[in-house]
Amino acid sequence: MVLRKLRSGCSTARELIVGLWRGPYWWMVPILVLLLPAALVFIVLQAAPVVAPFVYTVF
């Protein structure tokens, strides 16, 4: 069940990236390249109980 959701999410992300690249919004690709890793870092940092309060103060 979890793998199916993960596969579906990856498929959706792939379709989004391919659609942005082939469509009229190709200029958004560099923005996503910068924002997605930053979002992943924040998600991982929020999982650590010691670092979480500092991440929340950023927002």
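Predicted model only: the values in this text are computed from it and were never measured.

Each value, and the rule that gives it
- Residues numbered from 1 in each chain as written.
- Predicted model: local features only at pLDDT ≥ 70, side-chain atom pairs only at ≥ 80, totals over all residues.
- Heavy atoms only, no water.
- Helix = DSSP H or I, 4+ residues; strand = E, 2+ residues; numbered from the N terminus.
- Buried < 20%, exposed > 50% of the residue type's maximum accessible area, 1.4 Å probe, protein only.
- Patch = residues over 30% accessible without salt bridge, like charges linked within 9 Å, V, L, I, M, F, W, Y side chains within 5 Å.
- Areas by Shrake-Rupley, 256 points an atom, 1.4 Å probe, with all protein chains shown as cover.
- Salt bridge = Lys/Arg side-chain N within 4 Å of Asp/Glu carboxyl O.
- pLDDT = per-residue confidence, 0-100.

Draft legend 1. Local environment of the overall build of the protein chain. When helices and strands are counted, the protein chain shows three helices and zero strands. N-terminal to C-terminal, the α/β element order of the protein chain is α-α-α. Here the protein chain holds 59 residues, and 7% of them are scored as buried.

Draft legend 2. Broad picture of a nonpolar patch on the surface. A surface patch of nonpolar side chains, amounting to about 750 Å² of accessible area, comprises W21, Y25, W26, W27, I31 and L35. Examined against the element boundaries, I31 turns out to sit in helix α2 (residues 29-47). Of the residues examined, I31 reaches a relative accessible area of 40% and is grouped as partly exposed.

Draft legend 3. The confidence of the model for the protein chain, seen in detail. Here the protein chain averages 75 in pLDDT, while 71% of its residues score no lower than 70. Ranking the helices and strands of the protein chain by mean pLDDT puts α2 first, with 80, and helix α3 (residues 52-58) last, with 69.

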